Amino acid sequence: MKALVLKDIGKLEIENIDKPSPEPGEVLVSVKACGICGSDIPRVYKDGAHNMPLVIGHEFAGVVESCGEGVDEKWIGKRVGVFPLIPCGECECCKIRKYEMCKRYSYNGSRRNGGFAEYVTVPEWNLIELPETVTMEQAAMFEPMAVAVHAIRRVNPSSEDAVVVMGLGTIGLLVIMFLLDMGVNNIFAIGNKDFQKKLVMELGVPEEHYFDGSKDNAAEWIIANTNYLGADVFFECIGKNESLAVGIEAAAPLGKICTVGNPYSDMGLDRDVYWKILRNQLTLTGTWNSSFTHDISDDWNYVILRLQQGAVHPEKLITHRFGMDEILEGFEIMRDKREEYVKILGII
Ligand SMILES: [Zn+2]
Ligand SMILES: [Zn+2]
């Protein structure tokens, strides 16, 4: 079968490899769509994956083709999304069903073979069946959507709150999409590219609530636009000192800051910025991955419900689609930032 294999750092190639067969408890999924995640770019070009060679891609969906031993054959032919994290089931976090913090997890696309291939094997536990109205492209965006919902739920903004989202990549934009869907309307979006302004306006944010953070002082703009009260909730979706500092400087007393973006480098704060955490009694909250417990209230089921109800349209954020033979171009666009993009999908 055709697969996109990361052989070593910077060495990403389309190869013909053996079609896998499902182990006991697993199924074989025929992949239909797989998204390139922002985290795939450093994985491919800078840091490498935990095990190489490796088929990368953790944002995928497809159709179950066959079942391993002990798996209910009802799955065959079913359209499925896949939670890519495979928890150990035994550590302290798994015992309380916070699988996203499992200490000994495996992961499709970073620790075991992932979705940029014609076929991938996944445990039955990781499957989630698609309702008829949910498309494969939407399902390939379950993971980033669930990550966005998880971040929101970590800080739970109310509909009265002034909420700032800084960093308008896929996750930042999805945070805005779900906030609006939850009735949180007083949203301020900070980006650095003109096409991001267009996108947030399409999502429903008024033009005057968009600010280009590369041009001027974003903290001053936030404060001036919130009746000098500051932001009640701030989502840092970049992972840089400067944007974290904006969040702290612009936070209202008792404000909450959710750190969403993976850090680019060491993070540090100037002393006068740090003081504001204390004096304004701010809450800094981390968020990681998403909840997947098979309960109706977990992040994945929430995302599917909203899609099924037609309340959210993540496909608006798909800017590029590539077949398997051209998918490397998608990685290069994201690496070199040579075109405007949000979500780039492989259609397999
Ligand atoms: Zn991802
Ligand atoms: Zn565990």
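Rules and cut-offs
Residues numbered from 1 in each chain as written. Chains lettered and ligands numbered in written order. Predicted model: local features only at pLDDT ≥ 70, side-chain atom pairs only at ≥ 80, totals over all residues. Heavy atoms only, no water. Pairing = 2+ DSSP bridges. Helix = DSSP H or I, 4+ residues; strand = E, 2+ residues; numbered from the N terminus. Axes fitted to C-alpha atoms, helices over the stretch in contact; angles between N-to-C directions. Contact = heavy atoms within 4.5 Å. Donors = N, O, S within 2.8 Å, 3.2 Å for Na, K, Ca; no water. Tetrahedral: all angles 85-135°; square planar, octahedral: opposite > 155°, others 65-115°. Buried < 20%, exposed > 50% of the residue type's maximum accessible area, 1.4 Å probe, protein only. Salt bridge = Lys/Arg side-chain N within 4 Å of Asp/Glu carboxyl O. 1 Å grid on protein atoms, 1.4 Å probe; cavity = no way out; pocket = protein on both sides within 12 Å on 5 of 7 lines; lining within 4 Å. Points joined across faces, edges and corners; volume = space filled by probe spheres on them. Domains from an automatic or database assignment. Buried area = accessible area lost by both parts, 1.4 Å probe. Polar contact = N/O pair within 3.5 Å; in protein donor to acceptor, adjacent residues only side chain to side chain. Nonpolar A, V, L, I, M, F, W, Y, C, P; charged D, E, K, R; others polar. Parallel < 35°, antiparallel > 145°, perpendicular 65-115°, else oblique. Left-handed = near helix turned anticlockwise from the far one by under 90°.

### Let's talk about the sheet that holds strand 12 (residues 187-191)
Pairing between the strands of a sheet is mediated by backbone hydrogen bonds and can be parallel or antiparallel.
For step 1, the next point in the chain: Spatial strand order, 13-12-11-14-15-16: 6 strands in an open sheet with parallel pairing. Looking at strand neighbours, the two that pair on one side only are strand 13 (210-212) and strand 16 (283-286), the edges of this open sheet. Averaged over all adjacent pairs, the angle separating strand axes in this sheet is 20°, with direction ignored.
For step 2, the next point in the chain: Sheet strands touched by helix 4 (residues 142-155): strand 14 (231-236), strand 15 (251-259) and strand 16. Its angle to strand 14, the strand with the most contacts, is close to 145°.

### Comments concerning the coordination of the zinc ion (ligand 1)
For step 1, the next point in the chain: In the first shell of the zinc ion (ligand 1), the protein supplies Cys37 (SG), His58 (NE2), Glu59 (OE) and Glu143 (OE), at 2.2 to 2.7 Å from the metal.
For step 2, the next point in the chain: Coordination geometry of the zinc ion (ligand 1): the 4 donor atoms subtend angles of 79 to 160° at the metal centre, consistent with an arrangement described as irregular.
For step 3, the next point in the chain: Counting the intervening residues between successive donors of the zinc ion (ligand 1) yields the motif C-x20-H-E-x83-E. On the criterion of sequence distance, the pair formed by Glu59 in strand 5 (residues 59-67) and Glu143 in helix 4 is long-range, its members being 84 residues apart.
For step 4, the next point in the chain: A relative accessible area of 6% means that Glu143 is categorised as buried.

### Looking at the pattern of salt bridges
For step 1, the next point in the chain: This structure, assessed with the given rule, holds 19 salt bridges.
For step 2, the next point in the chain: Between Glu249 and Lys276 there is a salt bridge; the shortest N-O distance is 2.9 Å. Taken together, the residues Glu249 in helix 8 (residues 241-250) and Lys276 in helix 9 (residues 271-279) connect sequence positions 27 residues apart.
For step 3, the next point in the chain: By relative accessible area, which is 31% here, Glu249 ends up partly exposed.
For step 4, the next point in the chain: Of the charged contacts in the structure, one is a salt bridge between Asp336 and Arg335, with a shortest N-O distance of 2.8 Å.

### As for the layout of surface pockets
For step 1, the next point in the chain: In this structure, the second largest pocket spans a volume of roughly 320 Å³.
For step 2, the next point in the chain: Residue lining of the second largest pocket: 17 residues in total, with Arg97, Lys98, Glu100, His150 and Ser291 positioned closest to the centre.
For step 3, the next point in the chain: With 3 residues, helix 4 is the largest single contributor of residues to the lining of the second largest pocket.
For step 4, the next point in the chain: Shared between two domains, the lining of the second largest pocket takes at least three residues from each, and those domains are domain 1 (2-129 + 313-347) and domain 2 (148-286).

### Overview of the coordination of the zinc ion (ligand 2)
For step 1, the next point in the chain: Every protein donor of the zinc ion (ligand 2) is accounted for by Cys88 (SG), Cys91 (SG), Cys94 (SG) and Cys102 (SG), and the metal-donor separations fall at 2.3 to 2.4 Å.
For step 2, the next point in the chain: Given 4 donor atoms and angles of 104 to 118° at the metal, the environment of the zinc ion (ligand 2) is assigned as tetrahedral.
For step 3, the next point in the chain: Each donor residue of the zinc ion (ligand 2) lies on one chain, and together they are spaced C-x2-C-x2-C-x7-C.

### Side note on the sheet that holds strand 1 (residues 2-8)
For step 1, the next point in the chain: Within the open sheet, the 3 strands sit side by side as 2-1-4. Their pairing is antiparallel. Across the chains shown, the open sheet's two edge strands, defined by having one partner strand only, are strand 2 (11-16) and strand 4 (54-55).
For step 2, the next point in the chain: Across 2 bridges, strand 1 lies against strand 4 in antiparallel orientation. Bridge pairing in strand 4 links Leu6 to Leu54.

### Some remarks on the environment of Met1
For step 1, the next point in the chain: Structurally, Met1 can be placed in the segment before strand 1.
For step 2, the next point in the chain: Judged by relative accessible area, which is 16%, Met1 ranks as buried.
For step 3, the next point in the chain: Each C-alpha atom of the pair Met1 and Glu236 lies 40 Å from the other, and the pair is 235 residues apart in sequence.
For step 4, the next point in the chain: Setting aside residues up to four positions removed in sequence, Met1 forms contacts with Glu15, Asn16, Ile17, Asp18, Lys19, Pro20, Ala117, Glu118 and Tyr119.

### Some details on the domain arrangement of the protein
For step 1, the next point in the chain: Here the protein is partitioned into domain 1 (2-129 + 313-347) and domain 2 (148-286).
For step 2, the next point in the chain: In this structure, domain 1 and domain 2 have C-alpha centres spaced 30 Å apart.
For step 3, the next point in the chain: The interface is formed by 10 residues belonging to domain 1 together with 9 residues belonging to domain 2.
For step 4, the next point in the chain: For domain 1, the biggest contributors to the area lost against domain 2 are Lys316, Leu317 and Val342; these three give 49% of the whole.
For step 5, the next point in the chain: Where domain 1 touches domain 2, the interface holds 0 salt bridges.
For step 6, the next point in the chain: Linking domain 1 to domain 2 there are 0 residue pairs in polar contact (both at pLDDT 80 or more).
For step 7, the next point in the chain: A per-class count over the side of domain 1 that touches domain 2 returns 4 nonpolar, 2 polar and 4 charged.

### A closer look at the packing of helix 4 against helix 10 (residues 299-308)
For step 1, the next point in the chain: Orientation of helix 4 relative to helix 10, taken along the N-to-C sense of each, is 110°, at an axis distance of 9 Å. Taken together, helix 4 and helix 10 sit at an angle that is classed as roughly perpendicular. You can see that helix 4 and helix 10 cross each other, and the crossing is right-handed. Here helix 4 contributes Phe142, Glu143, Met145, Ala146, Val149, His150 and Arg153 to the contact with helix 10, which in turn contributes Asp299, Trp300, Tyr302, Val303, Ile304 and Leu307.
For step 2, the next point in the chain: Class assignment of the residues belonging to the contact of helix 4 with helix 10 gives a composition of 9 nonpolar, 1 polar and 3 charged.

### Quick notes on the pairing of strand 1
For step 1, the next point in the chain: Of the strand pairs in this sheet, strand 1 and strand 2 are connected by 6 bridges, and their pairing is antiparallel. Looking at strand 2, one finds that Lys2 is bridged to Asn16.
For step 2, the next point in the chain: Between the antiparallel neighbours strand 1 and strand 2 lie 2 residues, among them Gly10 with a positive phi of about 80°.

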